[in-house]
Amino acid sequence: MFDWISGIIDQMGYAGIAFLMFAENAFPPIPSELIMPLAGFNAARGSMNVWGVLAAGVIGSLAGALLWYWIGRKVKARRIRRLAARHGRWLTVSPEEFDRAQDWFDRHGGMAVFVGRLIPTIRTFISVPAGLMPMPLGTFMAYTCLGTTLWTAFLTGAGYLLESQYERVQAWLNPVSTAVVVGIAGFYLWRVATYRSRVPEPPEDQRVGTGSSPR
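Keep in mind that what you see is a predicted model, and the values were worked out from it rather than measured. (Residues numbered from 1 in each chain as written. Predicted model: local features only at pLDDT ≥ 70, side-chain atom pairs only at ≥ 80, totals over all residues. Heavy atoms only, no water.)

A word on the overall build of the protein
Quick note on the threshold: Numbering of helices and strands runs from the N terminus, with a helix taken as a DSSP run of H or I at least four residues long and a strand as a DSSP run of E at least two residues long. Pairs of residues are marked as contacts when any of their non-hydrogen atoms sit within 4.5 Å. Residue-level accessible areas treat just the shown protein chains as cover; the underlying method is Shrake-Rupley with a 1.4 Å probe.
The number of helices and strands found in the protein is eleven helices and zero strands. Counting from the amino terminus, the protein carries its helices and strands in the arrangement α-α-α-α-α-α-α-α-α-α-α. Within the protein, contacts between residues at least 6 apart in sequence are counted, and of these 75% link residues at least 24 apart. Accessible surface, the protein as shown: approximately 11,400 Å² in total, 66% of it carbon and sulfur.

See below:
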């Protein structure tokens, strides 16, 4: 993957960085922890401008975040609530828990988006609940832009300062990213296993007519 990323940046320059960061948000296995330090190293070497590198990374990330936000807007909260009523165990959330999550996101959504953009893996998917709620686009973009800029600047700066040793950034962040993914998977399995202890089986006459949220 390193050679592929390096080749795209060498051939496409700033547009390649923007494309890779968009792809990183759309398809999380492509790591920003490798893209931006490599681009920062190119800037330190003099083949690119560090501010151009940062701008390209932020623009690509914002485009990817908007994609997931748009997906959330199209799915809509009512549909998720119906799915929760029918397939709550595998979604690990009941309609009532989803309603509470909506209320929480209404109160703290901006900070959740900002912090989420700083955490590997979560940074990709935090845009979906923002679209589901839905959070106003201007508010979403403001918090997303702030978190994205900080994360991208950190990775770019690390590659720029470490120059030829930028691989250390990947070596340090890769285990962190892996731990986050493993933690998310473990939390999901725990939610599936404990679903019935948290959400009792509804009466027979309520299993078909589940109602819908006013949102």
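Considerations on helix α2 (residues 14-26)
Filter applied, for reference: Expected span of a helix: the number of residues minus one, times 1.5 Å. For the exposure calls, accessible area comes from a 1.4 Å probe over protein chains only, and a residue counts as buried if that area is under 20% of its type's maximum, exposed if over 50%, partly exposed in between.
Between its first and last C-alpha atoms α2 spans 18 Å; for 13 residues at 1.5 Å apiece the expected length is 18 Å, and the two agree. For α2, the full list of buried residues reads Gly 16, Ile 17, Ala 18, Leu 20, Met 21, Ala 23, Glu 24, Asn 25 and Ala 26.

Description of the packing of aromatic side chains
For clarity, the cut-off: Two rings from Phe, Tyr or Trp (for Trp, the six-membered ring) form a pair when their centres sit within 6.5 Å of each other. Planes less than 30 degrees apart are called stacked, planes more than 60 degrees apart edge-to-face, and all others tilted.
Enumeration according to the criterion identifies two aromatic pairs in this entry. A ring pair is formed by Tyr 69 and Phe 140, whose centres lie 4.5 Å apart and whose planes are at 20 degrees; its orientation type is stacked. Placement of Tyr 69 in helix α4 (residues 50-75) and of Phe 140 in helix α9 (residues 137-162) is noted, with a sequence separation of 71 residues between them. Residue Phe 140 is classed as buried on the basis of its relative accessible area of 0%.

Notes on a positive patch on the surface
Under the convention used in this document: Exposure above 30% relative accessible area and no salt bridge define the residues that can form patches, which grow by joining like charges within 9 Å and nonpolar side chains of Val, Leu, Ile, Met, Phe, Trp and Tyr within 5 Å. We define a salt bridge as a side-chain nitrogen of Lys or Arg found within 4 Å of a carboxyl oxygen belonging to Asp or Glu. Charged residues are defined here as Lys and Arg on the positive side and Asp and Glu on the negative side; His and the ends of the chain fall outside this count. To locate a charge, take NZ of a lysine, CZ of an arginine, CG of an aspartate or CD of a glutamate.
Residues Arg 73, Lys 74, Lys 76, Arg 78, Arg 79, Arg 82 and Arg 86 make up a contiguous surface patch of positive charge. Contributions of two or more residues to the positive patch are made by α4 and α5 (77-91). When residues of the positive patch are assigned to their parent elements, the largest contribution, four residues, is made by α5. With respect to the helices and strands, Lys 74 occurs in helix α4.

Some remarks on the packing of α2 against helix α3 (residues 32-45)
Put simply, the test is: To get an axis, fit a line to the C-alpha atoms, keeping to the stretch in contact for a helix; angles then go from 0 to 180 degrees between the N-to-C directions. Small angles under 35 degrees read as roughly parallel and large ones over 145 as roughly antiparallel, with 65 to 115 read as roughly perpendicular and the rest as oblique. Note on convention: near helix rotated counterclockwise from far helix by under a right angle means a left-handed crossing. Clockwise means right-handed. Residues were grouped as follows: Ala, Val, Leu, Ile, Met, Phe, Trp, Tyr, Cys and Pro as nonpolar; Asp, Glu, Lys and Arg as charged; and all remaining residues, including Gly, as polar.
Remark: α2 packs on α3, axes separated minimally by 10 Å, with the N-to-C direction vectors making an angle of 165 degrees. As summarised for this structure, α2 and α3 are arranged roughly antiparallel, according to the angle between their axes. Our pair here, α2 against α3, has a crossing hand that is left-handed. Side by side, α2 and α3 meet where Ile 17, Leu 20, Met 21 and Glu 24 of the first sit next to Ser 32, Ile 35, Met 36 and Ala 39 of the second. Across the contact of α2 with α3, the residue classes tally to six nonpolar, one polar and one charged.

Focus: α4
Going by this rule: Think of a polar contact as two N or O atoms within 3.5 Å of one another; within protein, one of them needs to be a possible hydrogen donor and the other a possible acceptor, and neighboring residues in sequence only count if both atoms come from side chains.
Taking 1.5 Å as the rise per residue, α4 with 26 residues should run 38 Å; its terminal C-alpha atoms sit 38 Å apart, in good agreement. The backbone nitrogen of Trp 51 has a side-chain oxygen 2.8 Å away, supplied by the residue at the start of α4, namely Asn 49. With its phi angle positive at about 75 degrees, Lys 76 sits one or two positions after the end of α4.

So, the nonpolar core
Counted only if it meets this: Buried residues of nine kinds, namely Ala, Val, Leu, Ile, Met, Phe, Trp, Tyr and Cys, make up a nonpolar core once their side-chain atoms join them within 4.5 Å.
Ile 5, Ile 9, Ile 17, Met 36 and Val 53 are the most contacted members of the largest nonpolar core, which totals 19 residues. Ranked by residues supplied to this core, first place goes to α3 with seven residues. Leave out the neighbours within four places in its chain, and Val 53 touches Tyr 14, Ile 17, Met 36, Ala 39, Gly 40, Ala 43, Met 48 and Thr 156. Tyr 69, Ala 112, Leu 132 and Met 133 belong to the second largest nonpolar core, which has eleven residues in total.

Concerning unusual backbone geometry
Peptide bonds are, in most cases, trans, and in most cases residues other than glycine have a negative phi. Cis geometry is found at the peptide bond from Met 133 to Pro 134, where omega equals -10 degrees. Its place among the elements puts Pro 134 in the loop between α8 (127-132) and α9.

The values reported here are purely geometric and, on their own, carry no functional implication.
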